[in-house]
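# A closer look at the structure
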Amino acid sequence: MRVLIVYCHPSNNSFTHAVKESFIKGLEDAGYTYEVSDLYADGFNPVMSEEEYIREGFYKLDAPVAEDVMREQQKINRSDAIVFIYPDFWTASPAMLEGWFQRVWTYGFA
């Protein structure tokens, strides 16, 4: 099994980071392969551009998808499972992760 871990935390000095490391150890112990999208470390841009808004809001499948979004979609397509590891900030996921969902789960893909 190949697992995509979407990890979203600004600090490696956190409980969330320890959870990620423990989860990875469990995957390795089980003989699974994995790939990590570390949104902060990778510098993922969570801000939707006007072009992306027009593509998504008006269902324009012929409009291009940004390269960083395509890379994330390729990771998803290579995976059998997706795991999200992130902290709960005041009853919500981090804005970085919300931006990942809004930009990566595009019309015609998700």
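Just above sits the structure.
As the structure is a computational prediction, the values presented were derived from the model and not from experiment.

## Here's the deal with the pattern of salt bridges
- If you walk through the whole model with that rule in mind, you get eight salt bridges.
- Between Glu35 and Arg2 there is a salt bridge, with the nearest N and O atoms lying 3.0 Å from each other. With Glu35 in strand β2 (residues 33-38) and Arg2 in strand β1 (residues 2-7), the pair connects residues that are 33 residues apart, well separated along the chain.
- Overall, the relative accessible area of 16% leaves Glu35 in the buried class.
- Here Arg78 makes a salt bridge to Glu35, at a shortest N to O gap of 2.8 Å. Of this pair, Arg78 sits in the loop between α3 (67-77) and β3 (81-85) while Glu35 is found in strand β2, placing the two residues 43 residues apart along the sequence.

## Section: the sheet that holds β2
- Ordered in space as β2-β1-β3, the three strands form an open sheet in which the pairing is parallel. Each edge of the open sheet is held by one strand with a lone partner, namely β2 and β3. Taken pair by pair, the neighbouring strands of this sheet meet at an average axis angle of 20 degrees, ignoring direction.
- Here β1 pairs with β3 via five bridges, running parallel. The residue bridging Ile5 from the neighbouring strand is Val83, located in β3.
- Against the sheet, α3 touches β1, β2 and β3, its axis set at about 155 degrees to β2.

## Concerning the nonpolar core
- Grouped together as the largest cluster of nonpolar side chains are 10 residues: Leu4, Val6, Cys8, Leu39, Phe44, Ile76, Met96, Leu97, Trp100 and Val104.
- Counting residues per element, the ones that place at least two in this core are β1 and α4 (95-104).
- For this core, the element with the most residues is α4, which contributes four residues.
- In contact with Leu4, not counting residues within four places along its chain, are Glu35, Ser37, Lys75, Ile76, Ser79, Ala81, Ile82 and Val83.
- Core analysis: the next-biggest nonpolar cluster, separate from the first, contains six residues, Val3, Ile5, Ile24 and Ile85 among them.

## Examining the pairing of β2
- Strand direction decides the pairing type here: β1 and β2, joined by six bridges, are parallel. By the bridge assignment, Ile5 is partnered in β2 with Val36.

## Some words on the pairing of β1
- With five of six residues buried, β1 lies mostly within the body of the structure.
- Regarding the hand of the β-α-β motif, the stretch spanning β1, helix α1 (residues 15-30) and β2 is right-handed.

Analysis parameters
- Residues numbered from 1 in each chain as written.
- Predicted model: local features only at pLDDT ≥ 70, side-chain atom pairs only at ≥ 80, totals over all residues.
- Heavy atoms only, no water.
- Salt bridge = Lys/Arg side-chain N within 4 Å of Asp/Glu carboxyl O.
- Helix = DSSP H or I, 4+ residues; strand = E, 2+ residues; numbered from the N terminus.
- Buried < 20%, exposed > 50% of the residue type's maximum accessible area, 1.4 Å probe, protein only.
- Pairing = 2+ DSSP bridges.
- Axes fitted to C-alpha atoms, helices over the stretch in contact; angles between N-to-C directions.
- Contact = heavy atoms within 4.5 Å.
- Core = buried A, V, L, I, M, F, W, Y, C linked by side-chain atoms within 4.5 Å.
- Right-handed = clockwise from strand over helix to strand, strands pointing away.

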